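Overview (structure and organization)
Each chain is listed here by its residues.
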Amino acid sequence: MKSQLTLLCLMFCSIFTFSQKQIYKSDFTYFNFENENLYSTLGLSGNTIVFNASDYAIYGIDKTTYKTKWEHHAGTKTDQAIFFYKDTFFFNTHKDQESKAAQFGVETGRIIKELQVESIATKPYFMGDTFYFTGSEKGGGGALFAYDLDQNQIVWQKFIGHGSDFQPVYQKNKIVASVDKNYWTHLNYSGKNLPMHSQKSFEIGDTPYFVLNYAFLTHDGKEISEEFLRINDLTNKYDFATTENHTLIIGNHNLMVLGNNKKLKVLLDLLTLRTEGRFDKNAASKIIQTDSETVWFIDQNHLIHYDYKKKKLLRNISLDDWRPHQLIVDHHTIWLISKNDGELYALDFEPNEANARKLDREKAIQDHLRCTFPDPKKIAAAKEAEEKYKNQ
């Protein structure tokens, strides 16, 4: 009887972990593959998956037919995101001992133009004929650039050193740019330094910048400090994302959702979502995508879909067998790069409507059965009471 109850418990305790079906695996050949040193990235535009593999090439894969449409030997492999613009994308290349950022056609994989910079490091922001980004100038120095794509030339650049690794915040009348970790300065869209309510300065080379000290800004421009992250146990390899009305932060084993003026909306302990299974010390928690009500994030090789408005778990998808290095969610398909072999996989999981019905139905069953094992002491006491009743 106890073994049957144990089986029932295992069945109902795992109902929130949904199945998935592997529908694609790439077959690129990697020589001397080492998962400890995996550098690889992917992105999606229209019907094309762009995949930078461990063989230093980029591939365009049709997400419907799973056929490889094109390939290009870029001479580099990276974890850095692929940045899309209309029907093109930007990617950093290396050839003949020279590094250059280039613009590619999504459908063809052909280079449209090579840019006059070594690399693009953060997501570009487009304003009219000019786009803004951080990256490396020729010679390797980190800088903030304004770039005329039509003329293929730099409009202006500001040397910001290691600050080029951090995504700027592009506001209506100013750019908030990092000059080093947790140090931020303000510039206008002409590249001029703006006055700040701070007398603290930070020098890069011979250039002084007035700076403010914080980790990042919320969706409504409020400062999040390292102290705030420490107090809320979010400091270990945290990640964050913003929507129009919310800021989401994930770190250690917590997911925090903030509203305007840093008002706490949700503080979710991720340990409550983790099922028994393999613990991967190298599996970081990361936000994949979010909207005004829900968020997709990865935690301990599980892809979680959570409704932070209703404070409700929608999906918990185990990816232990693939150990994702990077992934994207496209409707009911997961595209991921596996740490096991560096290959690209596509997995299919249940449609939204089916999952919602399944979740509600099986949650009701779980609540009804509860999976509580019989207490031997209570059983003995009940039998003793029954015997006394019979003898009366």
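Everything in this summary refers to the structure shown in the same document. (Residues numbered from 1 in each chain as written. Predicted model: local features only at pLDDT ≥ 70, side-chain atom pairs only at ≥ 80, totals over all residues. Heavy atoms only, no water.)

Moving on, we come to the overall build of the protein. Across its full length, the protein holds four helices and 34 strands. By the burial criterion, 45% of the 392 residues in the protein qualify as buried. In the protein, the share of contacts with a sequence separation of at least 24, taken over all contacts with a separation of at least 6, comes to 42%. Carbon and sulfur atoms make up 49% of the accessible area of the protein, which amounts to about 21,400 Å² in all. (Helix = DSSP H or I, 4+ residues; strand = E, 2+ residues; numbered from the N terminus. Buried < 20%, exposed > 50% of the residue type's maximum accessible area, 1.4 Å probe, protein only. Contact = heavy atoms within 4.5 Å. Areas by Shrake-Rupley, 256 points an atom, 1.4 Å probe, with all protein chains shown as cover.)

Taken as a whole, this structure holds seven salt bridges when the rule is applied. With a shortest N-O distance of 2.9 Å, Lys69 and Glu107 are connected by a salt bridge. With Lys69 in strand S6 (residues 68-73) and Glu107 in the loop between strand S9 (98-105) and strand S10 (111-114), the pair connects residues that are 38 residues apart, well separated along the chain. Looking at Lys69, the relative accessible area reads 31%, which means it is partly exposed. (Salt bridge = Lys/Arg side-chain N within 4 Å of Asp/Glu carboxyl O.)

Assignment of secondary structure puts Ser338 in strand S33 (residues 333-338). Here Trp322 takes part through its backbone oxygen, which lies 2.6 Å from a polar atom of the side chain of Ser338. Reaching out from Ser338, the side chain makes a polar contact with the backbone nitrogen of Asn340 at a distance of 3.0 Å. Setting aside anything within four residues of it in sequence, one finds Ser338 in contact with Leu38, Trp322, Arg323, Glu343 and Tyr345. (Polar contact = N/O pair within 3.5 Å; in protein donor to acceptor, adjacent residues only side chain to side chain.)

Attention shifts here to the sheet that holds strand S25 (residues 247-251). Strand order across the open sheet formed by four strands is S24-S25-S26-S27, with antiparallel pairing between neighbours. At either margin of the open sheet sits one strand with a lone partner, and together these are strand S24 (239-242) and strand S27 (264-269). Recorded for the sheet is a direction-independent mean angle of 10° between the axes of neighbouring strands. Bridging between strand S26 (residues 254-258) and S27 involves five bridges; their strand directions are antiparallel. Bridging from a neighbouring strand, Met256 pairs with Leu267 of S27. (Pairing = 2+ DSSP bridges. Axes fitted to C-alpha atoms, helices over the stretch in contact; angles between N-to-C directions.)

Attention shifts here to the packing of aromatic side chains. Inspection of the entire model under this criterion finds 26 aromatic pairs. With 5.7 Å between their ring centres and 20° between their planes, Tyr24 and Tyr66 make a pair best called stacked. Within this pair, whereas Tyr24 is found in strand S2 (residues 21-25), its partner Tyr66 is found in the loop between strand S5 (57-62) and S6, the two being separated by 42 residues in sequence. Residue classification places Tyr24 among the buried residues on the basis of a relative accessible area of 10%. Arranged with centres 5.7 Å apart and planes meeting at 65°, the rings of Phe131 and Tyr147 form a pair that is edge-to-face. With Phe131 in strand S13 (residues 130-136) and Tyr147 in strand S14 (residues 142-148), this pair connects stretches of sequence that are 16 residues apart. By the ring-pair criterion, three or more aromatic residues cluster together here, those being Tyr85, Phe90, Phe126, Phe131, Phe133, Phe145 and Tyr147. (Phe/Tyr/Trp six-rings, centres within 6.5 Å; stacked < 30°, edge-to-face > 60°.)

These values are about where atoms sit, not about what they do.
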